[in-house]
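# Inside the fold
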Amino acid sequence: MVAHVNKSFSLGLIVVLGLFVVSSYARFNMMVTKDEIHAICTKKGVNSSLCFEILKPTPEISTLDLSGLIKFLINYESRNVSDTLNQLKLFVENTTSTDYRSTYRECVELYEMAVDDFDTSLKALAAKDYDGLNLGIGALMTDMTTCEDDLVTIKPLPQFFITRGILIKQLSNISLVILECFLREKKKLC
């Protein structure tokens, strides 16, 4: 009788512990909720309309956790950077203005560095190296700002390239908000 009670108790304890472990794991891998997206998109410094547009409920977004959301944003930014880089390269090849050619070439180099920043950021995210992820995203934002600062000296103003750089920085800012305000256990900047 005592052996039967001990077996039942042990079995019950194993089931309870198993449920605890499973529920803890599930908590760390939960899909992003509409409330979390609202909180992300309404944080100070985030372009809310862009954020809500990019993170609108879609089948892809609805399956992501916070890490997956950052990865989605990094890949989305990467496509924007690659597209803009290709357009900058074409512009440099086809421009007749020798006055600003070096400025455009510097932006090409900065956009090429940004491609490396994405690789660094994705590796850091996969390793849960949140400081490294912050540095990768920050480096990307610095690259875009440096290019933008150079482009505003050109006449006529190359608004398309300036606007693309601003968009990329705004997307990076959304990733930083998710990282610093939601993903990190110890909130550093929120």
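Below, the structure is looked at part by part. (Residues numbered from 1 in each chain as written. Predicted model: local features only at pLDDT ≥ 70, side-chain atom pairs only at ≥ 80, totals over all residues. Heavy atoms only, no water.)

Applying the stated rule across the entire model yields 5 aromatic pairs. Between Phe 72 and Tyr 76 the ring centres are 6.3 Å apart and the planes differ by 25°, which places this aromatic pair in the stacked class. Of this pair, Phe 72 and Tyr 76 are both found in helix 4 (residues 66–94), 4 residues apart, which corresponds to roughly one turn of the helix. For Phe 72, a relative accessible area of 14% translates into the label buried. By relative accessible area, which is 26% here, Tyr 76 ends up partly exposed. An angle of 70° between the planes, with centres 6.2 Å apart, marks the rings of Tyr 104 and Phe 161 as edge-to-face. Within this pair, whereas Tyr 104 is found in helix 5 (residues 101–126), its partner Phe 161 is found in helix 7 (residues 159–183), the two being separated by 57 residues in sequence. Judged on exposure class, the residue Tyr 104 and its partner Phe 161 are both buried. Linked through ring pairs, Phe 91, Tyr 104, Phe 160 and Phe 161 together constitute an aromatic cluster. (Phe/Tyr/Trp six-rings, centres within 6.5 Å; stacked < 30°, edge-to-face > 60°. Helix = DSSP H or I, 4+ residues; strand = E, 2+ residues; numbered from the N terminus. Buried < 20%, exposed > 50% of the residue type's maximum accessible area, 1.4 Å probe, protein only.)

Secondary-structure assignment places Asn 86 in helix 4. The sequence separation of Asn 86 and Val 108 amounts to 22 residues, and the corresponding C-alpha distance is 8.6 Å.

A word on the pattern of salt bridges. Considering all chains together, one arrives at 6 salt bridges under this definition. Note that Lys 169 and Glu 148 form a salt bridge whose closest N and O atoms lie 2.6 Å from each other. Here Glu 148 lies in helix 6 (residues 130–151) and Lys 169 lies in helix 7, a separation of 21 residues in the sequence. When its relative accessible area of 19% is taken as the criterion, Lys 169 is described as buried. Ionic pairing is found between Arg 184 and Glu 180, a salt bridge with its closest N-O pair at 2.7 Å. Judged by its relative accessible area of 2%, Glu 180 falls in the buried class. Within this structure, Asp 131, Glu 180 and Arg 184 form a network of salt bridges that share partners. (Salt bridge = Lys/Arg side-chain N within 4 Å of Asp/Glu carboxyl O.)

So, about the state of the cysteines. Enumeration according to the criterion identifies 2 disulfides in this entry. A sulfur-sulfur distance of 2.0 Å marks the disulfide that ties Cys 41 to Cys 51. Judged by the torsion about the S-S bond (-70°), the Cys 41/Cys 51 disulfide is left-handed. Residue Cys 41 is found in helix 2 (residues 34–41), and its partner Cys 51 is found in helix 3 (residues 48–54); the two are separated by 10 residues along the sequence. On the basis of relative accessible area, Cys 41 is assigned to the buried category, the value being 0%. (Disulfide = S-S within 2.5 Å.)

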